[in-house]
Amino acid sequence: FFTLFLISKYSFALVDYTESYDAPPAQTKTQVKRIAPAATSVASSNNVVSRSGPSGMFEISADYGVIDAQVGDQSGKVNVTSFEAHFETSYNIWLNTQWAMGSFDETSSLGTGSSQKGNPQVILGVNWLEYGGAADRASMDFIGGVNIGQKDSNFATSRTDKIVGVETAKRFGTFVFGLGYRVWLTGNPSSDTELDIGNIQRLNASLGWMVSPDIRFAVEAATVSVGAGDGASGLQEKISFGTVAPSLQLTISPMVSLDLGAVFRSRRLNDENLLAARLWNLQGSYGNKIYAGLNFAL
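Treat the numbers as computed from the prediction; the structure is a model and nothing was measured.

Scoring rules and cut-offs
Residues numbered from 1 in each chain as written. Predicted model: local features only at pLDDT ≥ 70, side-chain atom pairs only at ≥ 80, totals over all residues. Heavy atoms only, no water. Helix = DSSP H or I, 4+ residues; strand = E, 2+ residues; numbered from the N terminus. Polar contact = N/O pair within 3.5 Å; in protein donor to acceptor, adjacent residues only side chain to side chain. Phe/Tyr/Trp six-rings, centres within 6.5 Å; stacked < 30°, edge-to-face > 60°. Lys NZ or Arg CZ within 6 Å of the ring centre and 35° of its normal. Salt bridge = Lys/Arg side-chain N within 4 Å of Asp/Glu carboxyl O. Buried < 20%, exposed > 50% of the residue type's maximum accessible area, 1.4 Å probe, protein only. pLDDT = per-residue confidence, 0-100. Contact = heavy atoms within 4.5 Å. Pairing = 2+ DSSP bridges.

You can see Thr89 is positioned in the loop between strand 2 (74-88) and strand 3 (93-104). Reaching out from Thr89, the side chain makes a polar contact with the backbone nitrogen of Tyr91 at a distance of 3.1 Å. Here the side chain of Thr89 touches Ile93 through a polar contact of 2.9 Å, landing on its backbone oxygen.

A full pass over the atoms with the stated rule returns six aromatic pairs. Judged by centre distance (6.2 Å) and plane angle (20°), the rings of Phe83 and Trp99 are stacked. You can see Phe83 sitting in strand 2 and its partner Trp99 sitting in strand 3, a full 16 residues away along the chain. Here a set of aromatic residues connected by ring pairs shows up, and it is made of Phe104, Phe155, Trp280 and Tyr286. The cationic tip of Lys170 hangs over the ring face of Phe172; the distance from NZ or CZ to the ring centre is 4.6 Å.

What follows concerns the pattern of salt bridges. Counted by the stated rule, this structure contains six salt bridges. The salt bridge partner of Glu220 is Arg202, with a shortest N-O separation of 2.8 Å. You can see Glu220 sitting in strand 10 (residues 215-226) and its partner Arg202 sitting in strand 9 (residues 200-212), a full 18 residues away along the chain. The pair Glu220 / Arg202 is uniform in exposure class, with both members buried. Connected through shared salt-bridge partners, Arg159, Asp161 and Glu194 make up one network.

Residue-level pLDDT values for the chain average 83, and 81% of them are 70 or greater. Note on residues 12-56: pLDDT under 50 across the span, and 88 contacts to partners over four residues away in sequence or across chains.

What follows deals with the pairing of strand 13 (residues 287-297). Inspection of the sheet shows strand 1 (residues 57-71) paired to strand 13 by eleven bridges, in the antiparallel sense. The residue of strand 13 that forms the bridge with Ile67 is Lys289. Where strand 12 (residues 256-265) and strand 13 come together, eight bridges link them in antiparallel fashion. Bridge pairing links Val256 to Phe296 in strand 13.

Tracing the sequence through the fold places Glu84 in strand 2. There is a polar contact of 3.0 Å between the side chain of Glu84 and the side chain of Asn96.

Once that is clear, we can look at the pairing of strand 8 (residues 175-185). With eleven bridges joining them, strand 7 (residues 161-172) and strand 8 adopt antiparallel strand pairing. Counted as the bridge partner of Phe172 is Phe175 from strand 8. Between strand 7 and strand 8, which pair antiparallel and follow one another directly, the connecting turn spans two residues, one of which, Gly173, has a positive phi of 65°. Inspection of the sheet shows strand 8 paired to strand 9 by ten bridges, in the antiparallel sense. Opposite Phe177, over in strand 9, you have Leu207 as the bridge partner.

Here it is as structure tokens:
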């Protein structure tokens with residue numbers, strides 16, 4: 001989500017800048033002033049007027065995807081339905097929530113059950129620094145949140161993890177470059193069958209390109225490391241893997257856009273015990289994924 005959010009956030013400034021280029025001086029001054037508040041920074045390129053306001057902006061999205069999971073000799077497909085909501089205020093604070101459900105194929109050896117609930121995730125972000133004009137804006141956000149543990153689900157961990165991190169972004173004309181770093185301070189699993197793991201670290205770099213007011217493209221590369229757990233029943237050695245996630249956003253109407261994307265991992269995890277860690281909330285941990293969904297901006 002970070003890649004699409006990154007480019008939609010900065011595409012607002014792109015359109016204001018472009019439209020004000022040929023406008024009279026008085027009109028240019030008014031439009032530049034309107035892009036300053038952080039509350040309007042998430043507005044998409046074709047809704048600057050209708051979707052900007054003192055109370056901020058709300059977005060909700062839903063997508064459906066398929067994970068082609070392979071861990072060691074275990075394999076199968078998992079159908080995933082994801083929901084996400086984002087709210088940005090006029091006080092340099094934003095809130096993001098995510099939740100997913102997974103259904104395992106009958107032939108899958110990775111898990112069983114349909115409509116298995118995932119881990120809800122809540123992230124609170126604070127825009128600590130933002131400067132620059134419409135064509136070269138830069139920002140830095142601090143984030144904190146929680147990944148809420150779930151019981152009796154093959155698609156969720158029973159741990160409750162705390163999340164901290166920092167995200168930065170810089171605009172270069174029609175391109176946006178972003179860097180992010182997050183740490184999951186993992187808790188203790190409440191299930192005896194679940195593998196204990198150490199803290200999770202994720203470092204990502206994103207590049208977004210606004211092809212036109214209706215077409216936005218982004219790609220994200222990330223590295224993920226999972227620390228060793230405690231005790232004989234915990235993960236014995238640290239593991240790491242990488243992912244590449246291209247995404248495309250097509251504007252259907254002023255309030256609706258179509259999201260298409262995929263997540264490709266760099267290598268297969270060979271330790272089948274990792275399935276007991278239930279890392280389904282980490283993109284690319286168990287396999288590649290393709291998805292499609294709709295985004296609604298209110």
